[in-house]
Amino acid sequence: MPKQIKLIVANWKMNGNLLHNEQLLNNLKKSFINYQPACKIVVCVPTPYLAQVQSLCTNTKIHWGAQDISIHPKGAFTGEISVSMLQDFNVSYVIVGHSERRRYHHESTIEVIQKAQTALKSQITPIICIGETLKEYQANHTQAVLQKQITTIAKQLGREVNRSIIAYEPIWAIGTGKTATPKYVQNIHTMLRTQLKNINSEIDDVCILYGGSINASNAKQLLSQKDIDGGLIGSASLDSQQFLEIIKATDPLI
Ligand code: 13P
């Protein structure tokens, strides 16, 4: 079932600084004094800023998350961040398997699933990214690639997929300004939902986001599709005005 309330997730990636983050979040908070967002809002920020975001966003409409998690509870894993460290900052979401991590850090789908399981065990919602490359898209392999990814996720996580979020991010649309058309994404999301349910009939409540060059101008059309439960926004989430426009694009009254 598609979700009633849309979810808008910012992925700041490796951007921001103390001043910029504060201005951005304060601008959003100010806008929410007079405007009640129709969607749920999450900002996934670089790890050093989790404390800042926690302090600025506690008891506001803005939830926060991290961009990665280690599968290990603690120990000699230089540079990695454990689930208990995320819990220290009341993190409730974590992105796992973003294509940039799969590409630059060679993360496999199995490792991504282990990360999702680690988060789920600690009541942190994993946002599991899937998507096809430009080469696969051009060769008409999108469906096969996605089915393979989603099948592995469904088989390994089972009904826990209902407590996770799937983000469909075609790699050719990330940071390129090229967006998949609303109809294309709608069809992919329907296919994903059907496939999940076919594999496990208990998977019937999954939230599926779209990500890839969403901006203030294309958000309304994309987010009004029935099976697009929300968006995972990169560069447009770094500008409070643009991000606010995207948030407003989920509002049926606007
Ligand atoms: P852009 O919105 O910058 O294309 O990034 C999408 C993305 O990768 C979000 O995770």
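For the structure itself, consult the block above.
This one's a predicted model, so the numbers in the text were calculated from it and none came from an experiment.

K.L.:
Where do I start with the layout of surface pockets in this structure?
P.N.:
If a probe as big as a water molecule is rolled over the atoms, it shows which places are left empty. What the largest pocket holds in volume is close to 650 Å³. If you go around the largest pocket, you meet 25 residues; those closest to its centre are Thr47, Gln67, Asp68, Arg101 and His105. Elements represented by at least two residues in the lining of the largest pocket include exactly helix 4 (99-104) and helix 5 (109-121). Ranked by residue count, the leading element in the lining of the largest pocket is helix 4, at three residues. For the lining of the largest pocket, a count of residues per class yields nine nonpolar, eight polar and eight charged.

K.L.:
Explain the packing of aromatic side chains to me, please; I cannot follow it from the model alone.
P.N.:
Enumeration according to the criterion identifies four aromatic pairs in this entry. Ring centres of Tyr168 and Tyr210 lie 6.3 Å apart, and the angle between their planes is 55 degrees; this geometry places the pair in the tilted category. Note that Tyr168 is positioned in strand 6 (residues 165-168) and Tyr210 in strand 7 (residues 207-211), a separation of 42 residues in sequence. Taken as a pair, Tyr168 and Tyr210 share a single burial class, namely buried. Measuring from centroid to centroid gives 6.2 Å for Trp172 and Tyr184, while their planes differ by 70 degrees, and the two rings are edge-to-face. You can see Trp172 sitting in the loop between strand 6 and helix 8 (182-199) and its partner Tyr184 sitting in helix 8, a full twelve residues away along the chain. Looking at Lys248, its charged tip hangs above the ring of Tyr35, at a distance of 5.1 Å from the centre.

K.L.:
What should I look at first to understand helix 1 (residues 18-34) in this one?
P.N.:
Since one α-helical turn is 3.6 residues long, residues separated by three or four positions face the same way. Across its 17 residues, helix 1 extends 26 Å between first and last C-alpha, which sits within 8% of the 24 Å expected from 1.5 Å per residue. Those residues of helix 1 not exposed but buried are Asn21, Leu24, Leu25, Leu28 and Phe32. When helix 1 is viewed along its axis, its buried side chains cluster within an angular range of 90 degrees and face the same direction. Away from its buried face by more than 90 degrees, helix 1 exposes Leu19, Lys30, Ile33 and Asn34. Looking at the packing, one finds that the buried side of helix 1 touches strand 2 (40-44), helix 2 (50-57), strand 3 (62-66) and helix 10 (240-248).

K.L.:
What is the right way to read the side chain of Asp68 from this model?
P.N.:
Topologically, Asp68 is positioned in the loop between strand 3 and helix 3 (83-88). Polar side-chain contacts of Asp68 include one of 3.1 Å to the side chain of Arg101. A distance of 2.8 Å separates the side chain of Asp68 from the side chain of Lys115, its partner in a polar contact. If we ignore the near neighbours within four places in the chain, the residues touching Asp68 are Leu86, Val94, Ile95, Arg101, Glu107 and Lys115.

Rules and cut-offs
Residues numbered from 1 in each chain as written. Predicted model: local features only at pLDDT ≥ 70, side-chain atom pairs only at ≥ 80, totals over all residues. Heavy atoms only, no water. 1 Å grid on protein atoms, 1.4 Å probe; cavity = no way out; pocket = protein on both sides within 12 Å on 5 of 7 lines; lining within 4 Å. Points joined across faces, edges and corners; volume = space filled by probe spheres on them. Helix = DSSP H or I, 4+ residues; strand = E, 2+ residues; numbered from the N terminus. Nonpolar A, V, L, I, M, F, W, Y, C, P; charged D, E, K, R; others polar. Phe/Tyr/Trp six-rings, centres within 6.5 Å; stacked < 30°, edge-to-face > 60°. Buried < 20%, exposed > 50% of the residue type's maximum accessible area, 1.4 Å probe, protein only. Lys NZ or Arg CZ within 6 Å of the ring centre and 35° of its normal. Expected span 1.5 Å × (residues − 1). Arc of directions from axis to C-beta. Contact = heavy atoms within 4.5 Å. Polar contact = N/O pair within 3.5 Å; in protein donor to acceptor, adjacent residues only side chain to side chain.

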